[in-house]
Amino acid sequence: MPKSLKSSNLSLLDETAGCACLNLRGTARAVTQMYDEVLKPSGLKATQFSVLAAVATEGPASMTAISKTLVMDRTTLTRNLKPLLDRGLVQPGSSGDRRQRTISISPKGQAALVKALPLWKQAQNKIMAGIGFARWQGMARLLEETVRLSR
């Protein structure tokens, strides 16, 4: 390690402890792990649940529309859709434009979502009970503002 960094490690750690990216990613990982654990009986992970719910909500929709809804790049969305496609929970569709790939929820996917929804509510209620609904609403607004700043 260069001497200049080695001698300033403590101040560097102090300075980066408040890093927005580090703190938001750490929080996201912790919350995702908790949701994954609660959702385990449904056979869905938190990321899969979110993608499945977005596809169900959007109806047959383009990859672009779904990725914008989830604030997720198309490559990550494709990677998250693969297990859902493999399990038959979502299905590819066709739009008038061959360049646009559409995705829709299958009947099997609807059944999986119905099974997972009460578990998701349980995880959501755990967060709400810990934070408080009013504080969560404030945090949600701040997170939305943060997303807008990053664009």
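Within each chain, residues carry numbers counting from 1 in the order of the written sequence. The predicted origin of the model limits local features to residues at a pLDDT of at least 70 and limits the giving and counting of side-chain atom pairs to 80 or more, whereas totals for whole chains, interfaces and linings rest on all residues. Each side-chain value is worked out from all heavy atoms of the structure, with water and hydrogens disregarded.

A.B. asks: Explain the overall build of the protein chain here, please?
C.D. replies: Helix numbering and strand numbering both begin at the N terminus, where a helix is a DSSP run of H or I of at least 4 residues and a strand a DSSP run of E of at least 2. Within the protein chain, the secondary structure is distributed over 8 helices and 3 strands. For the protein chain, the succession of helices and strands along the chain, N to C, is α-α-α-α-β-α-α-β-β-α-α. Accessible area is worked out with a 1.4 Å probe on protein chains only. A residue is then buried under 20% of its type maximum, exposed over 50%, and partly exposed in between. Relative to its full complement of 151 residues, the protein chain shows a buried share of 26%. What makes two residues a contact is simply this: any of their non-hydrogen atoms within 4.5 Å. Sequence separation of 24 or more characterises 51% of the internal contacts of the protein chain that already satisfy a separation of 6 or more. Surface accessibility in these figures is a Shrake-Rupley result with a 1.4 Å probe; residues are shielded only by whichever protein chains are displayed. Surface summary for the protein chain: the accessible area is close to 10300 Å², and the carbon and sulfur share equals 59%.

A.B. asks: Hey, could you run me through a nonpolar patch on the surface in this one?
C.D. replies: A cluster of nonpolar side chains, namely Leu 24, Met 139 and Leu 143, defines an oily patch on the protein surface of about 220 Å² accessible area. Classification of Met 139 as partly exposed rests on a relative accessible area of 32%. To count toward a patch, a residue needs a relative accessible area above 30% and no salt bridge. Like charges then connect within 9 Å, nonpolar side chains (Val, Leu, Ile, Met, Phe, Trp, Tyr) within 5 Å. What counts as a salt bridge is simple: a side-chain nitrogen of Lys or Arg found within 4 Å of a carboxyl oxygen of Asp or Glu.

A.B. asks: Before we go on, may I ask you to explain the nonpolar core in this structure?
C.D. replies: In a soluble, globular protein the nonpolar side chains are often hidden away together inside. Counting residues in each nonpolar core, the largest one holds 28 residues, and the members touching the most others are Leu 52, Val 55 and Leu 81. Going through the elements one at a time, helix H3 (20-39), helix H4 (46-58), helix H5 (63-69), helix H6 (74-86), strand E3 (101-105) and helix H7 (107-131) are the ones with two or more residues in this core. Sequence-distant contacts of Leu 52, defined by excluding residues within four places in its chain, comprise Leu 44, Leu 84, Leu 89, Val 90, Ile 105, Gly 109, Ala 112 and Leu 113. The definition of a nonpolar core used throughout is a set of buried Ala, Val, Leu, Ile, Met, Phe, Trp, Tyr and Cys residues joined through side-chain atoms within 4.5 Å.

A.B. asks: Explain the confidence of the model for the protein chain here, please?
C.D. replies: Any region with low pLDDT has predicted coordinates that should not be read closely. One number per residue, pLDDT, summarises how confident the predictor is, and it ranges from 0 to 100. When pLDDT is averaged along the protein chain, the result is 88; 88% of the residues meet or exceed 70. For the protein chain, per-element mean pLDDT is lowest for helix H1 (residues 3-6), which scores 54, and highest for H7, which scores 96.

A.B. asks: Can you walk me through the packing of aromatic side chains in this structure?
C.D. replies: The relation between two aromatic rings is expressed through the spacing of the ring centres and the mutual angle of the planes. Whether two aromatic rings pair depends on their centres lying within 6.5 Å, for rings of Phe, Tyr and Trp, where Trp uses its six-membered ring; planes under 30 degrees apart make the pair stacked, over 60 edge-to-face, and the rest tilted. One pass over the full model with this rule turns up 1 aromatic pair. Relative to Trp 120, the ring of Phe 49 lies with its centre 5.9 Å away and its plane at 15°, an arrangement referred to as stacked. Residue Phe 49 is located in helix H4, and its partner Trp 120 is located in helix H7; the two are separated by 71 residues in the primary sequence. The exposure class of Phe 49 is buried, given its relative accessible area of 6%.

A.B. asks: Even after reading the chapter, I still don't get H3, so can you show me in this structure?
C.D. replies: Because each turn of an α-helix spans 3.6 residues, side chains separated by three or four positions end up pointing in the same direction. Over its 20 residues, H3 runs 28 Å from end to end, which matches the ideal 28 Å to within 8%, given 1.5 Å per residue. Met 34, Tyr 35, Val 38 and Leu 39 are the residues of H3 that are buried. Viewed end-on, H3 has its buried residues packed into an arc of 130°, placing them on one side of the element. Facing away from the buried side of H3 by over 90 degrees, the exposed positions are Arg 25 and Gln 33. Buried residues in H3 make contact with H4 and H7. Here the expected length of a helix is defined as 1.5 Å per residue gap, with one fewer gap than residues. Summarising the geometry, the arc corresponds to the directions from the helix axis toward the C-beta atoms.

A.B. asks: Honestly, the pattern of salt bridges in this entry has me stumped. Any pointers?
C.D. replies: Any two side chains of opposite charge can pair, so long as their charged atoms come close to each other. Tallied over the entire structure, the rule returns 2 salt bridges. Notably, a salt bridge pairs Lys 40 with Glu 37, separated by 3.4 Å at the nearest N-O pair. With a closest N to O distance of 2.9 Å, Lys 82 and Asp 86 form a salt bridge. Of this pair, Lys 82 and Asp 86 both sit in helix H6, separated by 4 residues, roughly a single helical turn.

A.B. asks: Help me understand the packing of H4 against H6 in this model?
C.D. replies: What describes two packed helices is the angle between their axes and the distance between those same axes. Lines fitted to C-alpha atoms define the axes here, with helix axes fitted over just the stretch in contact, and angles between the N-to-C directions of these axes take values from 0 to 180 degrees. Across the interface, H4 lies against H6 with an axial gap of 10 Å and an inter-helix angle of 90°. Judged by the inter-axis angle, H4 sits roughly perpendicular to H6. Only Leu 77, Asn 80, Leu 81, Pro 83 and Leu 84 of H6 make contact with H4, whose side of the interface consists of Thr 47, Gln 48, Val 51, Leu 52 and Val 55. The classification used treats Ala, Val, Leu, Ile, Met, Phe, Trp, Tyr, Cys and Pro as nonpolar, Asp, Glu, Lys and Arg as charged, and all other residues, Gly among them, as polar. A class-by-class count of the residues in the contact of H4 with H6 yields 7 nonpolar, 3 polar and no charged. For classification, angles of less than 35 degrees are called roughly parallel, those exceeding 145 degrees roughly antiparallel, those between 65 and 115 degrees roughly perpendicular, and all remaining angles oblique.

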